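Residue-level listing of the chains:
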Amino acid sequence: MQQKRITLGLLAALASLVSADDKSDVTQLTQATFDEFVKANPLVLAEFFAPWCGHCKALAPEYEEAATSLKEKNIMLAKIDCTEETDLCQTHGVEGYPTLKVFRGLENVTPYTGQRKADAIHSYMVKQSLPAVSYLEKSTLEDFKKSDKVVLVAYFAEDDSASKETYVSVAEELRDSYLFGAISDAEVAEAEGVTFPSVVLYKTFDEGKNVHSKKFDAAEIKEFAKVSATPLIGEVGPETYSGYMASGLPLAYIFAETPEERDELGAALRPIAETYKGKINFATIDAKAFGAHAGNLNLKTDQFPSFAIQDTVKNLKFPFDQEAKITHDAIKTFVDEYSAGKIEPSIKSEPVPETQDGPVTIVVAKNYESIVLDDNKDVLIEFYAPWCGHCKALAPKYDTLGEMYAKSDFKDKVVIAKVDATANDVPDDISGFPTIKLYPAGDKENPVTYSGSRTIEDLVEFIKDNGKYKAAASAVEEGTEEAAPAASKAPADEETKDEL
């Protein structure tokens, strides 16, 4: 009887699991079912995941919510467990988790480049389901306006083939970012207050819409969309940070610890944001959640509210005096002076070494340009962090590499250098440690990032292949090593800096 009760209990538990899985709108696929599923559905978003992956676990509820909202639109979401389906994941080039890909059949596959929130997944996949441009009528215009946070609608005459061609080309390029509509009804255009040809960006924030009625040019329309789609006072967070960094515009941060304070400061600085719209982006940031990011802007991380401007292209930082009160007038003066080039960037730097006696040249922010950008020398530089285990393991080999070139015929043409990227501002985009780059003589604008094994022989070969002087040095015998492990991210107490 006891055995029967246990068996019944196990069956009930299994039934419960099956029932829970049946309720899911995300279809789990295997090697045996993948091809048939993709062929049977016109549009599929597939997540390649691993059960132990923290990012996958965080994505799971968002992915499930998006699947439910997209089901009625016949857009299917699927998932593949790469710990079970290794061959399938390898076939689709999966190198990290989660990897998301959009399938329109088995031959038309593109990476998912949207954010990992339910509403963002929904918005992105709806854009993928529609043609690049949706041709509208008076009866469909209002619904289209409300179909996303930002939509663009072009108004041009039916026989205006030049405007249509220009607009379609923009839509094809930016379809992952915006919904594009078009209408040729002159009465509708008049009701919207525009003339042919024009583009209107409708949005659910700020003033509600912006109109572009100047030259109907692809570059101008793209610039109009980028500027108009950015909130006057946005919010910096994990889902928006990369967009701000990719905008090419300086970003003005407003750090504050409470929503009320962020709203208050945002309202006070809004007129300044309006003045600099399209020139400087303004955004609040939650100082409780992301206060450590203030340190990346050379601000104190325990004194809020605070304000800083970052040149996102050159990675220059302009912190506002944290002892001064943040007011409209004070920040207006600061931003005006920044815009006029009257404020020097703040540079975090260790002292310049008095001597360079070691085999590896020590670089700090204040001597970075004179060493790394010396146009007469090939410079191999390691960006490291003191806490990084991979960096510590590399150190003796890197010292040996430095000694080899110091004793070679290329000692005056090749520099082996390193910089503590946590203690010095560097202009390079560093996402992990160690990062190793070669700046060739005569071509400092195009550094080459090293991605090979961390052996002395391979580093020598890298310098020889990519440097101007094709400099080789006698390698020291050592044990072989497989491909380099992934660069270390920040430790737990540092991760808040990288959350954005």
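Values in this document were obtained by computation on a predicted structure and should not be read as measured data. (Residues numbered from 1 in each chain as written. Predicted model: local features only at pLDDT ≥ 70, side-chain atom pairs only at ≥ 80, totals over all residues. Heavy atoms only, no water.)

Caption draft 1: Region of the structure containing the overall build of the protein chain. Secondary structure assignment for the protein chain yields 17 helices and 20 strands. Seen along its three principal axes, the alpha-carbon backbone of the protein chain occupies a region of about 80 × 75 × 50 Å. Here the protein chain holds 500 residues, and the buried ones make up 44% of them. Across the protein chain, contacts joining residues at least 24 apart in sequence account for 70% of those joining residues at least 6 apart. Surface summary for the protein chain: the accessible area is close to 25,900 Å², and the carbon and sulfur share equals 50%. (Helix = DSSP H or I, 4+ residues; strand = E, 2+ residues; numbered from the N terminus. Buried < 20%, exposed > 50% of the residue type's maximum accessible area, 1.4 Å probe, protein only. Contact = heavy atoms within 4.5 Å. Areas by Shrake-Rupley, 256 points an atom, 1.4 Å probe, with all protein chains shown as cover.)

Caption draft 2: Quick peek at the confidence of the model for the protein chain. Of the residues in the protein chain, 90% have a pLDDT of 70 or more, and the chain-wide mean is 89. Here residues 1–21 is a poorly scored stretch, pLDDT under 50, and it has zero contacts once near neighbours within four places are set aside; other chains count. Per-residue pLDDT stays below 50 along residues 476–486; that stretch engages in 21 contacts with residues further than four places along the chain or on separate chains. (pLDDT = per-residue confidence, 0-100.)

Caption draft 3: How the structure looks around the pattern of salt bridges. Within the structure shown, the criterion is met by 17 salt bridges. Asp-25 serves as the salt-bridge partner of Lys-71, at 3.2 Å between the closest nitrogen and oxygen. Residue Lys-71 is located in helix α3 (residues 54–71), and its partner Asp-25 is located in the loop between α1 (2–22) and β1 (26–28); the two are separated by 46 residues in the primary sequence. One salt bridge in this structure joins Lys-117 and Glu-62, with 3.9 Å as the shortest N-O distance. With Lys-117 in the loop between β5 (108–111) and α5 (118–129) and Glu-62 in helix α3, this residue pair connects regions lying 55 residues apart in the sequence. Residue classification places Lys-117 among the partly exposed residues on the basis of a relative accessible area of 36%. (Salt bridge = Lys/Arg side-chain N within 4 Å of Asp/Glu carboxyl O.)

Caption draft 4: Expanded view of the packing of helix α16 (residues 389–406) against helix α17 (residues 456–466). The N-to-C vectors of α16 and α17 enclose an angle of 50 degrees; their axes lie 10 Å apart at closest approach. Here α16 lies oblique to α17, going by the angle between them. Crossing geometry of α16 relative to α17 is assigned as right-handed. On α17, the residues that touch Lys-397, Thr-400, Leu-401, Met-404 and Tyr-405 of α16 are Ile-456, Leu-459, Val-460 and Ile-463. Looking at the contact of α16 with α17, its residues break down into seven nonpolar, one polar and one charged. (Axes fitted to C-alpha atoms, helices over the stretch in contact; angles between N-to-C directions. Parallel < 35°, antiparallel > 145°, perpendicular 65-115°, else oblique. Left-handed = near helix turned anticlockwise from the far one by under 90°. Nonpolar A, V, L, I, M, F, W, Y, C, P; charged D, E, K, R; others polar.)

Caption draft 5: Seen up close, the pairing of strand β19 (residues 435–439). With five of its five residues buried, β19 lies for the most part within the structure. Here β19 shows a buried face lined by Thr-435, Lys-437 and Tyr-439 and a second buried face lined by Ile-436 and Leu-438. Both strand β17 (residues 378–384) and β19 contribute to a ladder of five bridges, which runs antiparallel. Residue Glu-382 lies in a different strand from β19, and its bridge partner there is Ile-436. Of the pairings in the sheet, the one linking β19 to strand β20 (residues 448–449) comprises two bridges and is antiparallel in character. Looking across to β20, one finds that Lys-437 is bridged to Thr-449. (Pairing = 2+ DSSP bridges.)

Caption draft 6: Quick look at the state of the cysteines. Inspection of every chain in the model, using the stated rule, returns one disulfide. Between the sulfur of Cys-82 and that of Cys-89 lies a disulfide, 2.1 Å long from S to S. On the sign convention where negative means left-handed, the S-S torsion of about -90 degrees between Cys-82 and Cys-89 marks this disulfide as left-handed. Of the two residues examined, Cys-82 and Cys-89, each falls in the buried class. (Disulfide = S-S within 2.5 Å.)

Caption draft 7: Region of interest: α16. Counted at 1.5 Å a residue, the expected span for α16 with its 18 residues is 26 Å, and the 26 Å between its end C-alpha atoms agrees. At Ala-395, α16 shows its maximal bend, which comes to roughly 40 degrees, and the proline Pro-396 appears one to four places after that position. Residues Cys-391, Leu-394, Tyr-398, Leu-401, Gly-402, Met-404 and Tyr-405 constitute the buried set of α16. (Expected span 1.5 Å × (residues − 1). Bend = angle between axes of the 7 residues up to and from the residue.)

Caption draft 8: Quick look at the sheet that holds strand β7 (residues 150–155). Within the open sheet, the five strands sit side by side as β6-β8-β7-β9-β10. Their pairing is mixed. The open sheet terminates on both sides in strands that have one partner only, identified here as β6 (134–135) and β10 (209–212). Bridge count for β7 against strand β9 (residues 198–203) is six bridges, and the pairing is antiparallel. For Val-150, the partnering residue across the bridge sits in β9 and is Lys-203. Its contacts with the sheet place helix α7 (residues 161–174) against β6, β7, β8 (179–183) and β9, and it is angled at close to 165 degrees to β8.

Caption draft 9: Representation of the pairing of β5 in the model. Looking at chain direction, strand β4 (residues 99–104) and β5 are connected through four bridges and run antiparallel. Within β5, the residue paired with Phe-103 across the bridge is Val-109. Where β4 folds back on β5, the antiparallel hairpin that results is connected by three residues, among which Gly-105 adopts a positive phi of roughly 85 degrees.

Caption draft 10: Representation of the nonpolar core in the model. Phe-282, Phe-307, Ile-309, Ile-331 and Val-335 are the most contacted members of the largest nonpolar core, which has 22 residues in total. Sorting the residues of this core by element identifies β12 (251–256), α11 (259–275), β14 (306–311) and α14 (328–339) as the ones contributing at least two each. Setting aside residues up to four positions removed in sequence, Ile-331 forms contacts with Leu-269, Ile-272, Phe-307, Phe-320 and Ile-326. Among the nonpolar cores identified, the runner-up in size contains 21 residues, and Phe-156, Tyr-167, Ile-221 and Ala-229 belong to it. (Core = buried A, V, L, I, M, F, W, Y, C linked by side-chain atoms within 4.5 Å.)

Caption draft 11: Examining α3 more closely. For α3, which comprises 18 residues, the first-to-last C-alpha distance of 26 Å matches the rise-based estimate of 26 Å (1.5 Å per residue) to within 8%. At Ala-60, α3 is bent by approximately 35 degrees, the largest bend along its length, and proline Pro-61 sits one to four residues beyond. Looking at the buried positions of α3, the neighbouring elements they touch are β1, β2 (44–49), β3 (76–81), β4 and α5.

Caption draft 12: Looking closely at a negative patch on the surface. Among the surface-exposed residues, Glu-457, Asp-458, Glu-461 and Asp-465 lie close enough to one another that they form a single negatively charged patch. With respect to the secondary-structure elements, Glu-461 resides in helix α17. A relative accessible area of 39% means that Glu-461 is categorised as partly exposed. (Patch = residues over 30% accessible without salt bridge, like charges linked within 9 Å, V, L, I, M, F, W, Y side chains within 5 Å. Lys, Arg positive; Asp, Glu negative; His and termini not counted. Charge placed at Lys NZ, Arg CZ, Asp CG, Glu CD.)

Caption draft 13: Spatial organisation of the sheet that holds β1. Taking strand neighbours across the sheet as the criterion, the five strands line up as β1-β3-β2-β4-β5 in an open arrangement whose pairing is mixed. Here the strands that pair on one side only, and so sit at the sheet edges, are β1 and β5. Direction aside, neighbouring strands of the sheet carry axes that sit 30 degrees apart on average. Against the sheet, α3 contacts β1, β2, β3 and β4, and its axis sits at roughly 165 degrees relative to β2.

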